[in-house]
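Summary of structural features
Spelled out from the first residue to the last, the chains are:
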Amino acid sequence: MGYYHSSYFAYGLRIPTDAHLWDETDRIDRVLATIKDRCPNVGHLTAGAYDDDMLFLVAECNAVSLGEYGRAASATAEQRASWDHQLAHAVHHLGYGSISGLEAPGWLCVPDLA
């Protein structure tokens, strides 16, 4: 058995959840499909420790493999404002409360061990 290491540069926020991530990401996909016109850039990312992944809603995400390097994508203030609005809309429709109850969206570096 081997391990796969990678990292992600993403713009988004962590969603704390006790739900099983497979079920939760399926639910997220279903809900996001119904609001795709209002949240065209929003998706999800699960990554983290080998058997303890975390859940993120993201508007931009780029993988960086082990031995490589990458940069967070450059984005204008207008793009980030649009992503913030889309993420807030998605958070509301997914039933996570309001974005003010979560950490603010921003650039994240998420290491992943699978």
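Right, let's walk through the structure included here.

About the criteria used
Residues numbered from 1 in each chain as written. Predicted model: local features only at pLDDT ≥ 70, side-chain atom pairs only at ≥ 80, totals over all residues. Heavy atoms only, no water. Helix = DSSP H or I, 4+ residues; strand = E, 2+ residues; numbered from the N terminus. Buried < 20%, exposed > 50% of the residue type's maximum accessible area, 1.4 Å probe, protein only. Pairing = 2+ DSSP bridges. Axes fitted to C-alpha atoms, helices over the stretch in contact; angles between N-to-C directions. Core = buried A, V, L, I, M, F, W, Y, C linked by side-chain atoms within 4.5 Å. Contact = heavy atoms within 4.5 Å. Phe/Tyr/Trp six-rings, centres within 6.5 Å; stacked < 30°, edge-to-face > 60°.

**Examining the environment of Met54**
Take Met54: it is sitting in strand β3 (residues 52–65). For Met54, a relative accessible area of 28% translates into the label partly exposed. Sequence spacing of Met54 and Ser65 is 11 residues, and the spatial spacing of their C-alpha atoms is 18 Å.

**What to know about the sheet that holds strand β2 (residues 43–49)**
The four strands lie next to each other as β2-β3-β1-β4, forming an open sheet whose pairing is antiparallel. Each end of this open sheet is capped by a strand with a single partner; those strands are β2 and β4 (106–113). Across the sheet, the mean angle from the axis of one strand to that of its neighbour is 60°, orientation sign disregarded. As paired strands, β2 and β3 are joined by seven bridges and run antiparallel to one another. From the neighbouring strand, Leu45 faces β3, where its bridge partner is Phe56.

**Digging into the nonpolar core**
One finds Ile15, Leu57, Ala90 and Tyr96 to be the most contacted residues of the largest nonpolar core, which totals 21 residues. Those elements that place two or more of their residues in this core are β1 (5–14), α1 (21–34), β3 and α2 (77–93). With sequence-adjacent residues up to four places away left out, Tyr96 is seen in contact with Ile15, Glu24, Arg27, Ile28, Leu55, Leu57 and Val91. One finds Tyr8, Ala10, Phe56 and Val110 within the second-largest nonpolar core, a separate group that totals eight residues.

**Points about the packing of aromatic side chains**
As enumerated under the stated definition, the model contains three aromatic pairs in all. An angle of 75° between the planes, with centres 5.2 Å apart, marks the rings of Tyr11 and Trp107 as edge-to-face. With a gap of 96 residues between them, Tyr11 in strand β1 and Trp107 in strand β4 connect regions that are remote in the sequence. The exposure class assigned to Tyr11 is buried, which follows from its relative accessible area of 4%. Residue classification places Trp107 among the partly exposed positions, given a relative accessible area of 35%.

None of the figures reported here should be taken as evidence of function without further support.
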